[in-house]
Amino acid sequence: MFSAPADMAHGGADEPPSQSLDGGGQSPEDRSLLLQSLAIRELMDTEVSYLHTLQLCASDIRSRLQQLPQGELDVLFSNIDEIVQVSSRFLHGLQETASKEEEQAHLIGNLFLEFQEDFEQVYKVYCASYDQALLLLEAYRKEPEQQREIQSVIQAVLPQAGPSGLGFVLVIPLQRITKYPLLLQKILENTLPDATAYPVLQRATSALQDVNANINEYKMRKEVASKYTKVGQLTLRERLARINTHTLSKKTTRLSQMLKQEAGLVPRAEDKEFDDLEERFQWVSLCVTELKSNVTTYLDNLEAFLRFRPHECDLDIPSGPAVQYCSLAGDLQREAFLEFKRRLEGLVWRPLCSLAKALVGPQNLIKKRLDKLLDFERLEEKLLDVGSVTYEEEAARHTYQALNSLLVAELPQFNRLVMQWLSQILCTFVALQRDLAKQVLQRAEGGIAQLPHHHISEPAFRKLVEDTLGQTSSQLRSFQENFEKVLPPPASQPLLPGSERQVQALLSKYGPGKLYQVTSNISGAGTLDLTLPRGQVVALLQNKDIKGHSNRWLVDTGGHRGYVPAGKLQLYHAVPNEEFRGQAGLRQSSHHLAAEPVPTPAPSVPAVTQVVAAYPFVARSTHEVSLQPGQPVTILEAHDKKGNPEWSLVEVNGQRGYVPSGFLARVPSPAPWGWTLPS
């Protein structure tokens, strides 16, 4: 049991003035009543002095120490305000018993029984944080100037504290809760056994002894929890530094015990109460993890949405609903959506992260409980076989019992608080969504009235949207069908400039079924390995190497033979380019026809053609340009400088360069589309 320093045993309360017990011819009964009266007087007087000191701590002393950080003040004074409230109610009850002197002892016993739970609840919190307060006091002693400031405050408010200073003040609640059983015992000793108050005082004395025992047990549990929670926060280097022969021996013994249980050689201990609480905790943890993952995805999507700003593009629509849409969308992007994101991060995301962090401590304790349970079960077997355990083994048993008791006592409340926290986060998220919808409607109210369909009833508007979407969908399908008709086979890569003759030679020698194209650059590592660029066409000679491995193929490039990875080859399909050859011939013919009547030479200005990119293409040199699927492309020349139609000179986003001709396609002309309003 925790105890106060001896020199402070009576510092928190003044002893009552002694009265003469020399009663001459007093009977033993009268003497007992007199001693009982003095014991009750001591209880009441010291309670008055104790409450006065508490109030000085909670108000004057704490307010004069505001130069200390708020976090340190919270540790030093803990829940002293709650102790003041409980002690005030208790003193009021004591003073009310004074009017009934004959029943006073009986009433005092009942009063202690009534306050038993309140005393335990407030004092166990204070006592559990007392060790942290002592660490702060030790740190203050190492700072002489700060220590002098604190000491001057204590001396001004509580001169009787003496040199002990703040330590004297903080230990007073511990002294008081440990003194209650002694004061009750003193009243009980001077109460006749046949008095009606005797059994009540017995129960009260036992109850206050239990309160102190429970406080000690709670304090020990908190120390164990703090120890193992701290271990969970160690770095990998710190954990490795803790490994020694003792820890290895413990882990080996636990593994052996677990294997025995799995094999059915020893029974596994079952704790239905804890198992149910752990299952509930794991379910709550899963809810928090899933919600955090969903909110993360939501924030990512919101960020992507805010980056997409179609209203800033040139829609080439000078007036009408599009202008109103751009104005509204810009307004929402600049204000409403950004404010929504800020509130979402502050009111939902950060509390959710804090909640997830709060789950780590209990998770570490649950894992540590399993280790300690294996130790406990082994020691229980030893107790049955041998009848005794060592001091260290007994401490290990108590550690498990303390850890298990702590989890069983606090997991229900923790689970309940987490669910409340989670519910509040979800309610906040819903409220933010409603606020956003309300803001959007308010901002759009003026613009909606100007839209051409604002007068349409809701059923008619739904019909309008369905018809328009159906029409647009049909147009998209038609566009896709026409688009696919002009697409080249997707399997082929662009040929390297000047490689047509080599491909024709391989084709005539091996046939189309043996030709393969390199899908990515190959760097030969061995003597027989080839180094080939992407797009090179080769002929397959053998689909395995000399060791019979099918992941390396023997190929012919038309000049060299060697091995290449099979995974970087795909069957080659020749890409027809008659269309672009025709375009090139047409341009050249029109150029010559137009140049005939001109007497002086003029520079060649080729006709241009608008197409789109059918496939992505990444430029490999400064002479090429990159393409994205669907990107508008202007063909300047449908061949390269050598007249090869496999490559075309194009202009993309103001940049000129060569691209594979097979990667381009004509754009089909869809029928006109748009909104159709009912007349």
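The structure this text deals with has already been given above.
One structure accompanies this document, and this report is about it. In this text the structure is predicted, and so the values were computed from the model without any measurement.

A word on the overall build of the protein. Per the secondary structure count, the protein includes 17 helices and 10 strands. Within the protein, buried positions represent 38% of all 679 residues. When contacts within the protein are restricted to residue pairs at least 6 apart in sequence, long-range pairs at least 24 apart make up 69% of them. Counting only carbon and sulfur atoms, one obtains 55% of the accessible surface of the protein, whose full area is about 39,700 Å².

It is worth spelling out the side chain of Asp556 at this point. Inspection of the secondary structure assignment puts Asp556 in strand β3 (residues 552–556). Owing to a relative accessible area of 5%, Asp556 belongs among the buried residues under this scheme. Only 2.6 Å separates the side chain of Asp556 from the side chain of Tyr510, close enough to count as a polar contact. A polar atom in the side chain of Asp556 sits 2.9 Å from the backbone nitrogen of Gly558.

On the basis of which strands lie adjacent, the open sheet formed by 5 strands has the order β9-β8-β7-β6-β10 and antiparallel pairing. In this open sheet, the two edge strands, each paired with only one partner strand, are β9 (655–660) and β10 (664–665). By the bridge criterion, 6 bridges tie strand β8 (residues 647–652) to β9 in an arrangement that is antiparallel. The partner of Ser648 across the bridge, within β9, is Val659.

Turning our eyes to something else, we now look at the side chain of Thr97. Within the secondary structure, Thr97 is located in helix α3 (residues 80–97). For Thr97, the contacting residues outside a window of four places in its chain are Gln104, Leu107 and Ile108.

Applying the stated rule across the entire model yields 18 aromatic pairs. When the ring of Tyr298 is compared with that of Phe429, the centres are 5.3 Å apart and the planes differ by 80°; the resulting orientation is edge-to-face. Taken together, the residues Tyr298 in helix α11 (residues 272–307) and Phe429 in helix α14 (residues 391–450) connect sequence positions 131 residues apart. Members of the aromatic cluster, each reached through a chain of ring pairs, are Phe90, Phe112, Phe115, Phe119, Tyr123 and Tyr180. Over the face of the ring belonging to Phe77 we find Arg62, whose NZ or CZ atom lies 5.9 Å from the ring centre.

The tally for this structure, following the rule as stated, stands at 21 salt bridges. Of the charged contacts, one joins Asp118 and Arg89 as a salt bridge, the two residues approaching to 3.3 Å between their closest N and O atoms. Note that Asp118 is positioned in helix α4 (residues 104–128) and Arg89 in helix α3, a separation of 29 residues in sequence. On the basis of relative accessibility, which here comes to 27%, the residue Asp118 falls in the partly exposed class. Among the ionic pairs, Asp529 bridges to Arg552, the shortest N-O distance being 2.4 Å. Of this pair, Asp529 sits in the loop between β1 (515–518) and β2 (537–542) while Arg552 sits in strand β3, placing them 23 residues apart in sequence.

This next bit is on the packing of helix α1 (residues 28–64) against helix α6 (residues 144–157). Two elements in contact, α1 and α6, have axes separated by 10 Å at closest approach and are oriented at 140°. When the axes of α1 and α6 are compared, the pair comes out oblique. The chirality of how α1 crosses α6 is right-handed. Side by side, α1 and α6 meet where Leu56, Asp60, Ile61 and Arg64 of the first sit next to Val153, Ile154, Ala156 and Val157 of the second.

The two faces of β1 match: Leu515 and Gln517 on one face and Tyr516 and Val518 on the other face are all buried. Two strands pair when backbone bridges link them, and β1 and β2 are joined in this way by 3 bridges, in the antiparallel orientation. Paired with Leu515 across the bridge in β2 is Ala539. Bridge count for β1 against strand β5 (residues 569–571) is 3 bridges, and the pairing is antiparallel. Looking at β5, one finds that Val518 is bridged to Leu569.

Let us look at the packing of α1 against helix α7 (residues 166–189). One can describe the packing of α1 onto α7 by two numbers: an axis separation of 11 Å at closest approach and a directional angle of 165°. In this view, α1 runs roughly antiparallel relative to α7, as classed from their interaxial angle. Read as a crossing pair, α1 and α7 show a hand that is left-handed. From α1, Gln36, Ala39, Ile40, Glu42, Leu43, Thr46, Glu47, Tyr50, Thr53, Leu54, Cys57 and Ile61 reach across to α7, where they touch Val169, Ile172, Pro173, Arg176, Lys179, Tyr180, Leu183, Lys186 and Ile187. Classifying every residue of the contact of α1 with α7 by side-chain character gives 13 nonpolar, 3 polar and 5 charged.

So, on to the nonpolar core. Leu76, Phe77, Phe112, Phe119, Leu166 and Tyr180 are the most contacted members of the largest nonpolar core, which has 63 residues in total. Taken together, the elements giving at least two residues each to this core come down to α1, α2 (70–77), α3, α4, α5 (130–141), α6, α7 and α8 (197–232). Considering every element that reaches this core, the biggest residue donor is α7, with 13 residues. If we skip the residues at most four places from it in the chain, Tyr180 touches Leu43, Glu47, Tyr50, Phe90, Phe112, Phe119, Tyr123 and Leu208. Ranked by size, the runner-up nonpolar core spans 34 residues in total, among them Ala225, Leu302, Phe337 and Leu432.

Scoring rules and cut-offs
Residues numbered from 1 in each chain as written. Predicted model: local features only at pLDDT ≥ 70, side-chain atom pairs only at ≥ 80, totals over all residues. Heavy atoms only, no water. Helix = DSSP H or I, 4+ residues; strand = E, 2+ residues; numbered from the N terminus. Buried < 20%, exposed > 50% of the residue type's maximum accessible area, 1.4 Å probe, protein only. Contact = heavy atoms within 4.5 Å. Areas by Shrake-Rupley, 256 points an atom, 1.4 Å probe, with all protein chains shown as cover. Polar contact = N/O pair within 3.5 Å; in protein donor to acceptor, adjacent residues only side chain to side chain. Pairing = 2+ DSSP bridges. Phe/Tyr/Trp six-rings, centres within 6.5 Å; stacked < 30°, edge-to-face > 60°. Lys NZ or Arg CZ within 6 Å of the ring centre and 35° of its normal. Salt bridge = Lys/Arg side-chain N within 4 Å of Asp/Glu carboxyl O. Axes fitted to C-alpha atoms, helices over the stretch in contact; angles between N-to-C directions. Parallel < 35°, antiparallel > 145°, perpendicular 65-115°, else oblique. Left-handed = near helix turned anticlockwise from the far one by under 90°. Nonpolar A, V, L, I, M, F, W, Y, C, P; charged D, E, K, R; others polar. Core = buried A, V, L, I, M, F, W, Y, C linked by side-chain atoms within 4.5 Å.

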